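# Survey of secondary and tertiary structure
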Amino acid sequence: MWVLAPSASTGLIESFGAKLDLDNWLPGVFFLPDAFKTAIVAINQLPVTNETLLCRLLGRDKVQQEAVKQLVALAPENPLRHNILELVFSWRVSVQTQEILTEDDQELIMNLTAAYQEARAEAVQEGQRLVLENLLRVRFGNLDNELSRTIDNLLNLPIDEYSRLLLHLNNLSREELLARFNN
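Note that this is a predicted model, so its numbers are computed, not measured. (Residues numbered from 1 in each chain as written. Predicted model: local features only at pLDDT ≥ 70, side-chain atom pairs only at ≥ 80, totals over all residues. Heavy atoms only, no water.)

### Observations regarding the overall build of the protein
To keep it simple, the criterion reads: Strands here mean DSSP runs of E at least two residues long; helices mean DSSP runs of H or I at least four residues long; both are numbered from the N terminus. Within these notes, the globule rule equals 2.2 Å times the number of residues to the 0.38 power, and the radius of gyration is based on C-alpha atoms. Relative accessibility thresholds used throughout: buried, under 20% of the residue-type maximum; exposed, over 50%; partly exposed, between the two (1.4 Å probe, protein chains only). Every residue pair with non-hydrogen atoms within 4.5 Å of one another is taken to be in contact. Computed with a 1.4 Å probe, the accessible areas rest on the Shrake-Rupley method; for each residue, only the protein chains presented here act as cover. Two residue types count as positive, namely Lys and Arg, and two as negative, namely Asp and Glu; His and chain ends fall outside the count. Where a charge lies is defined by one atom per residue type, namely NZ (Lys), CZ (Arg), CG (Asp) and CD (Glu).
What the protein contains, in helices and strands, is eight helices and four strands. Along the chain direction, N to C, the helices and strands of the protein fall in the order β-α-β-β-β-α-α-α-α-α-α-α. In terms of C-alpha radius of gyration, the protein reaches 24 Å, well past the compact-globule figure of 16 Å for 183 residues. Projected onto its principal axes, the C-alpha coordinates of the protein cover approximately 75 × 40 × 25 Å. Within the protein, the fraction of its 183 residues that count as buried is 32%. Expressed as a percentage of contacts within the protein between residues at least 6 apart in sequence, the contacts between residues at least 24 apart total 45%. When the accessible surface of the protein is split by element, carbon and sulfur atoms take 54% of a total near 11600 Å². Within the protein, the 25 negative side-chain charges are centred at a point lying 4 Å from the centre of the 16 positive side-chain charges.

### Details of the packing of aromatic side chains
Under the convention used in this document: In this analysis, rings of Phe, Tyr and Trp, with Trp reduced to its six-membered ring, are considered paired at centre separations within 6.5 Å, and the interplanar angle assigns stacked below 30 degrees, edge-to-face beyond 60, and tilted for intermediate values.
Per the stated rule, a full pass over the model turns up three aromatic pairs. Judged by centre distance (6.1 Å) and plane angle (70 degrees), the ring pair of Trp2 and Phe31 falls under edge-to-face. On the criterion of sequence distance, the pair formed by Trp2 in strand 1 (residues 2–5) and Phe31 in strand 3 (residues 29–31) is long-range, its members being 29 residues apart. Given the relative accessible area of 48%, Trp2 is considered partly exposed.

### Remarks on helix 8 (residues 174–181)
Basically, it comes down to this: Directions from the helix axis toward the C-beta atoms define the arc.
Turning to helix 8, its buried residues are Leu177, Leu178 and Phe181. When helix 8 is viewed along its axis, its buried side chains cluster within an angular range of 95 degrees and face the same direction. What points out from helix 8, more than 90 degrees from its buried face, is the exposed set Glu175 and Ala179. Taken together, the buried residues of helix 8 touch helix 5 (103–140), helix 6 (145–155) and helix 7 (159–167).

### Quick look at the sheet that holds strand 2 (residues 19–20)
Spelled out, the test is: For two strands to be treated as a pair, DSSP must find at least two bridges joining them.
The four strands are arranged 1-4-3-2 in an open sheet whose pairing can be described as mixed. Each edge of the sheet is formed by a strand with only one pairing partner; in this case those strands are strand 1 and strand 2. Pairing analysis gives two bridges linking strand 2 to strand 3, with the strands arranged antiparallel. Pairing of Leu20 across the sheet is with Phe30, part of strand 3.

### Some points on the side chain of Thr150
With respect to the element layout, Thr150 can be found in helix 6. A relative accessible area of 0% means that Thr150 is categorised as buried. Excluding residues within four positions of it along the chain, Thr150 makes contact with Leu136, Leu178, Phe181 and Asn182.

Laid out in structure tokens, this is it:
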């Protein structure tokens, strides 16, 4: 049995007779005597690695906040990020639907909401990038290096200006577009 604990004091660990097995396991994983077939995972003592990220999201306070920051910092195409975010979104919805929320639940929602909003914003921007790339390909026949360099500048436009540009893209020549947005 695995007991996941946000933290575990030295006194608690000693009272169960639990020991580290650093030859085979990470710091923060304490094994009770063999007869119990149980381990305690002290989440706050786990090393900060991608392998411990999901467990650290189950932690509290700074441990959880740092895990959320690490999750959001992973590259959008990283499969670990994608898989964990799917779990996190489901978890967030599950926690939010509870009638009585503890202080820990409220903190969890706050932390997960930040990760959700950041991931959502990145997904929207990636969608805008794909649309823009496709429009430029259709309009100019291909997407060479010069046109590709304009994309970030176009995406940074205020939304109303970006929308007007898309509506009038057929009226712009390649040279006009490059002159205006390749600075």
